[in-house]
Amino acid sequence: MKRWPKDTIAAGYRHTVGLKSDGTVTAMGDNKYGQCDVSSWRDMVAVAAGNAHTGNAHTIGLKSDGTVAAVGWNKHDQCDVSGWRDMVAVAAGWRRTVGLKSDGTVAAMGRNHEGQCNVSGWRDIVAVAAGDWHTVGLKSDGTVAAVGWNKRDQCDVSDWRGIVAIAAGSNHTIGLKSDGTVAAAGWNEHGQCNISGWRDIVAVVAGCSHSVGLKSDGTVVAVGRNHEGQCNVSGWRGIQLPGN
């Protein structure tokens, strides 16, 4: 497990964000709320993008000095992170922002109607992920914490063990195990949690209602809703492995 994983690309509902090698950031797409106004950002080491199903969105940037920048939709104060310090990773969900500190504690800002920002008691966290209404934290001992709306059982991860990476979809949670298998919890209407047969996985990501796994041989597997062809990845080859 890479300590404090940092994303260099991010996708909101209708915009895409990329971190350049020189620490600047570029963004393309819908800019109704200024979520693409990142041209002045400097010294960034990670990016994240939140979204709402209505298209409202915000963009988060983690700076090399541990502070955080934010632009875009701020109805729920999800961009009020200018006071954050000592951050080592960031995540963005629907109407909120999550930040991981170097001491393993977590901060969250934004809508908390479902308790998705109740992370002040978390300790020993090494990675964070944000779904629509739930927040997930990976602990250093390979266990997982989750808070927020749990109507779809997406927070039922307390018995997970040996997890090395996490991802959060709209209403489901994915956990990559140290043996290359994958655990899933939550909404499964489209089969997005049907991952019990996956093997040799080295990275996972979750879309709104689909799940994707990168295998050690550079191929990719995907399950879930496929109405736009988002799971048609069986022919992919040579996808770069984490850390390469």
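Colleague: How would you summarise the packing of aromatic side chains if you had to cite specific residues and measurements?
Modeller: With the rule as written, the count across this model stands at 3 aromatic pairs. Ring centres of Trp94 and Trp133 lie 5.0 Å apart, and the angle between their planes is 65 degrees; on these two criteria the pair is classed as edge-to-face. Within this pair, whereas Trp94 is found in the loop between β7 (87-93) and β8 (96-101), its partner Trp133 is found in the loop between β10 (125-130) and β11 (134-139), the two being separated by 39 residues in sequence. Each member of the pair, Trp94 together with Trp133, is buried. Taken together, the ring pairs connect Trp94, Trp133 and Trp149 into an aromatic cluster. A cation sits over an aromatic face here: Arg95 above Trp94, 3.8 Å from the ring centre.

Colleague: Tell me what's going on with the sheet that holds strand β9 (residues 106-110), and back it up with residues and numbers.
Modeller: Spatially, the 3 strands line up as an open sheet ordered β7-β8-β9, and their pairing is antiparallel. The sheet terminates laterally at β7 and β9, the two strands that pair on one side only. If you compare each strand with its neighbour and ignore which way they point, the axes differ by 15 degrees on average. When β7 meets β8, the two strands line up antiparallel, connected through 6 bridges. Looking at β8, one finds that Ala89 is bridged to Leu100.

Colleague: Break down the environment of Leu100 for me, citing the residues and quoting the values.
Modeller: Examined against the element boundaries, Leu100 turns out to sit in strand β8. For Leu100 and Ala89, which are 11 residues apart along the polypeptide, the C-alpha to C-alpha distance reads 5.1 Å. Leaving out residues up to four positions away in the same chain, Leu100 has contacts with Trp4, Asp86, Met87, Val88, Ala89, Thr105, Val106, Ile125, Val126, Ala127 and Val128.

Colleague: Kindly report on the pattern of salt bridges, identifying the contributing residues and their values.
Modeller: Using the criterion set out here, one finds 1 salt bridge in the structure. Glu114 is the partner of Arg111 in a salt bridge, and the nearest nitrogen-oxygen pair spans 2.7 Å. Of the residues examined, Arg111 reaches a relative accessible area of 16% and is grouped as buried.

Rules used in this analysis
- Residues numbered from 1 in each chain as written.
- Predicted model: local features only at pLDDT ≥ 70, side-chain atom pairs only at ≥ 80, totals over all residues.
- Heavy atoms only, no water.
- Phe/Tyr/Trp six-rings, centres within 6.5 Å; stacked < 30°, edge-to-face > 60°.
- Helix = DSSP H or I, 4+ residues; strand = E, 2+ residues; numbered from the N terminus.
- Buried < 20%, exposed > 50% of the residue type's maximum accessible area, 1.4 Å probe, protein only.
- Lys NZ or Arg CZ within 6 Å of the ring centre and 35° of its normal.
- Pairing = 2+ DSSP bridges.
- Axes fitted to C-alpha atoms, helices over the stretch in contact; angles between N-to-C directions.
- Contact = heavy atoms within 4.5 Å.
- Salt bridge = Lys/Arg side-chain N within 4 Å of Asp/Glu carboxyl O.

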